[in-house]
Amino acid sequence: SASRYSVIVIGAGVSGISAAKVLAENGVEDLVILEASDRIGGRIRKEDFGGVSVELGAGWIAGVGGKESNPVWELANQSGLRTCFSDYSNARYNIYDSNGKIFPSGVAADSYKKAVDSAIEKLSQEANRGGGGGGCGDSTEPASMPKTPIELAIDFILHDFEMAEVEPISTYVDFGEREFLVADQRGYEYLLYKMAQDFLFTPEGKILDSRLKLNKVVRKLQHSRNGVTVITEDGCHYEANYVVLSVSIGVLQSDLISFRPPLPRWKTEAIETCDVMVYTKIFLKFPHKFWPCGPGKEFFIYAHERRGYYTFWQHMENAFPGSNILVVTLTNGESKRVEAQSDEETLKEAMGVLRDMFGPNIPNATDILVPRWWNNRFQRGSYSNYPIISNLQVVQNIKAPVGRIFFTGEHTSERFSGYVHGGYLAGIDTGKALVDEIRKERKSESKNHLLE
Ligand code: FAD
């Protein structure tokens, strides 16, 4: 029969790679990594667009400059990754109405304060009611509903981007409030190649190690007290003592992978409780720039009567001067809507919004890039979004092993879910837990052996 591995790691995103590295460095070298796509990186992914390399997934190293050092920031520094400081805080002073007028800063500041206060009030009401438990849909509505375009725009920014204004977020508390955009031709994913180099055979910058198997879509896990059989879409069977499953929460919620016997109820219920956030960065290339640059202008906001309609914009002149690229970010319902339509349709909508802000004479974009994280069956969304007041038990249940299947991924991080450093630290955590388990098993095996 097929050879039996100590461990099969499913998924080669940041968490799968970091888990495999911990295992390999602790003597578990007969492992194999099965990755569904044709590359490592998962939700860390660059693509060439308009002459530069843009990040379709994770873009920022979030949480820098605080009392503790963000491990991903350390990796970036060790690798000489090029980054660029982002100051979102100005965005609220660059809010355009549909006639291209910027709201006076006093009006914007007032609306902002009102929105923050109302979100805090809503949060404390929920806390008093006991909170937690169930999912929270797209995002929480503040106590007094936002109605005007500027209120809607600020509500969107606050809830879909800047929850730190409303409640403490561990990333910013532990690692600091600064965020750095990765602006490197090698991409954010270069950090993963650096990690892989430490334990996989990587001549000339390519991973050529038979322990990494690409284009292996796992469809079935048969597990028992004695081991796990992993079956892939192309009909291969792999046997192992243990499995580390690093696929996203969206994939766990889908029917891509089936389990025999099925996962227990406490597990499936926890998986269903966690919301999946969809976050879409649309890139647009122009023949020349027509938007203001300079200090405090990197981010700007469009206020529309529809919440989240092409609201949040960024120009890429700080990251890549002369690239003439704009990025607009959509989330959740708007992301799904845009994923379902043609890119030409999306381009038309985006140009309409830009003409509202900057007038009818601006040039058409010459190129557009629309990532589709929601419809990607190996992702099914962008990142996990635990209900604001969720109990720790949910994350713990999502993370807890089921027999010989260990779970990892950003969604298993108690403090940093949703982030690259969350995935990275979760991988290390799961790797270590499994190393302990393997040592325990070996010890008891040798004891039994002596008794015989
Ligand atoms: P993944 O990267 O999803 O890795 C899982 C791997 O499993 C994938 O490679 C997938 O192909 C593979 N897989 C899935 N199904 C199967 C199967 N059946 N068989 C085999 N393999 C399978 N984080 C930040 O810190 N800063 C940001 O600015 C930021 N922005 C983001 C923007 C977007 C648009 C997105 C999508 C994410 C963003 N994130 C950001 C979140 C960050 O990218 C993730 O938290 C992190 O990369 C997740 O890593 P992971 O290893 O947990 O999962």
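I will try to describe carefully the structure that is included in this document. On a predicted model such as this, the values are computed, not experimentally measured, just so you know.

1. Here's the deal with helix α8 (residues 265–273)
In step 1: Considered for burial, the residues of α8 that qualify are Lys267, Ala270, Ile271 and Thr273. Buried positions in α8, seen along its axis, are confined to an arc of 160° and lie on one side of it. Among the exposed residues of α8, those oriented more than 90 degrees off its buried face are Arg265 and Glu272.
In step 2: Packed against the buried residues of α8 are α7 (249–253), β14 (275–277), α11 (392–399) and β21 (405–407).

2. Brief notes about the sheet that holds strand β19 (residues 367–369)
In step 1: Read from one edge to the other, the open sheet built from six strands follows the order β7-β16-β17-β18-β15-β19, with strand pairing classed as mixed. Bordering the open sheet on either side are β7 (95–96) and β19, each of which pairs with just one other strand.
In step 2: The pairing of strand β15 (residues 279–285) with strand β18 (residues 325–331) spans seven bridges and is antiparallel. The partner of Ile282 across the bridge, within β18, is Val328.
In step 3: Together, β7, β15, β16 (299–302), β17 (312–315), β18 and β19 form the strand contacts of helix α10 (residues 343–358), whose direction differs from that of β16 by roughly 95°.

3. Focus: the site of the ligand
In step 1: Surrounding the ligand, one finds 37 residues, the nearest of these being Ser15, Glu35, Arg43, Glu410 and Val420.
In step 2: Glu410 is positioned such that a nitrogen or oxygen atom in its backbone is 2.9 Å from an oxygen atom of the ligand.
In step 3: If the ligand stood free it would expose 1,000 Å²; the protein chains cover 97% of that surface.

4. As for the environment of Asp429
In step 1: Along the chain, the position of Asp429 falls in helix α12 (residues 420–451).
In step 2: The class for Asp429 is partly exposed, based on a relative accessible area of 40%.
In step 3: In sequence terms Asp429 and Ala19 are 410 residues apart; their C-alpha atoms lie 7.6 Å from each other.

5. Things to note about the pattern of salt bridges
In step 1: Overall, the coordinates contain 21 salt bridges when judged by the stated rule.
In step 2: Here Glu25 and Lys21 are joined by a salt bridge, their closest N and O atoms 3.0 Å apart. Here Glu25 and its partner Lys21 are both found in helix α1 (residues 14–25), four residues apart, which amounts to about one turn of the helix.
In step 3: Its relative accessible area of 16% is what places Lys21 among the buried residues.
In step 4: With its nearest N and O atoms 2.9 Å apart, the salt bridge here joins Arg186 to Asp184.
In step 5: For Arg186, a relative accessible area of 34% corresponds to the partly exposed category.
In step 6: Residue class for Asp184 comes out buried when judged on its relative accessible area of 6%.
In step 7: Because the salt bridges share partners, they merge into one network encompassing Arg306, Glu334, Arg337 and Glu349.

6. Let's talk about the pairing of strand β6 (residues 83–86)
In step 1: Only one face of β6 is covered, namely the one carrying Cys84 and Ser86; the face carrying Thr83 and Phe85 has none of its residues buried.
In step 2: As defined by bridge partners, β6 adjoins strand β8 (residues 178–182) across four bridges and the pair is classed as antiparallel. The partner of Thr83 across the bridge, within β8, is Val182.

7. So, the packing of aromatic side chains
In step 1: Within the structure shown, the criterion is met by 20 aromatic pairs.
In step 2: Consider the rings of Phe49 and Phe283, whose centres lie 6.2 Å apart with planes at 50°: the pair is tilted. Taken as a pair, Phe49 in strand β3 (residues 46–49) and Phe283 in strand β15 lie far apart in primary sequence, 234 residues in all.
In step 3: Residue class for Phe283 comes out buried when judged on its relative accessible area of 3%.
In step 4: Among the aromatic residues, those joined into a cluster by ring pairs are Tyr96, Phe286, Phe290, Trp291, Phe300, Trp313 and Phe358.
In step 5: It is Arg92 that lies over the ring of Tyr112; its NZ or CZ is 3.7 Å from the centre.

8. Concerning the nonpolar core
In step 1: Counting residues in hydrophobic clusters, the biggest one holds 43 residues, and the most contacted among them are Val7, Leu23, Ile33, Ile61, Tyr188, Val244 and Leu434.
In step 2: Element by element, the count of residues in this core is highest for α1, at seven residues.
In step 3: Discounting chain neighbours no more than four positions away, the residues touching Ile33 are Val9, Gly11, Ala12, Ile17, Ala20, Phe199, Leu200, Arg211, Leu212 and Lys213.
In step 4: In terms of nonpolar packing, the next biggest core, distinct from the first, is built from 42 residues, Tyr112, Phe156, Val327 and Leu369 among them.

Reading guide: rules and limits
- Each chain has its residues counted from 1, following the order in which its sequence is written.
- Per-residue local features of the predicted model are confined to residues with pLDDT of at least 70, and side-chain atom pairs are confined, for both listing and counting, to 80 or more; whole-chain, interface and lining totals are unaffected and use all residues.
- Excluded from the side-chain calculation are hydrogens and water; included are all heavy atoms of the structure.
- Burial status follows relative accessibility: with a 1.4 Å probe on protein chains alone, a residue under 20% of its type maximum counts as buried, one over 50% as exposed, and anything between as partly exposed.
- What counts as a helix is a DSSP run of H or I of at least four residues, what counts as a strand is a run of E of at least two, and both are numbered from the N terminus.
- Directions drawn from the helix axis to the C-beta atoms are what define this arc.
- It only takes one pair of heavy atoms within 4.5 Å for two residues to be counted as in contact.
- One bridge is not enough; two strands pair if DSSP finds at least two bridges between them.
- Lines fitted to C-alpha atoms define the axes here, with helix axes fitted over just the stretch in contact, and angles between the N-to-C directions of these axes take values from 0 to 180 degrees.
- Residues are counted as near a molecule or strand when any one of their heavy atoms sits within 4 Å of it.
- A 3.5 Å cut-off defines polar contacts: any pair of N or O atoms within that distance qualifies, except that in protein one atom must be a possible hydrogen donor and the other a possible acceptor, and neighbouring residues in sequence count only when both atoms are side-chain atoms.
- A 1.4 Å probe and the Shrake-Rupley method give the accessible areas. Residues count as covered only by the protein chains that appear here.
- A pair is scored as a salt bridge if a Lys or Arg side-chain nitrogen falls within 4 Å of a carboxyl oxygen belonging to Asp or Glu.
- Stacked, edge-to-face and tilted are the three classes for Phe, Tyr and Trp ring pairs, Trp counted by its six-membered ring, which pair at centre distances within 6.5 Å; planes under 30 degrees apart are stacked, over 60 edge-to-face, the rest tilted.
- Cation placement over rings: the criterion is NZ of Lys or CZ of Arg within 6 Å of the ring centroid and within 35° of the ring normal.
- Among buried residues, those of type Ala, Val, Leu, Ile, Met, Phe, Trp, Tyr and Cys that are joined through side-chain atoms within 4.5 Å constitute a nonpolar core.

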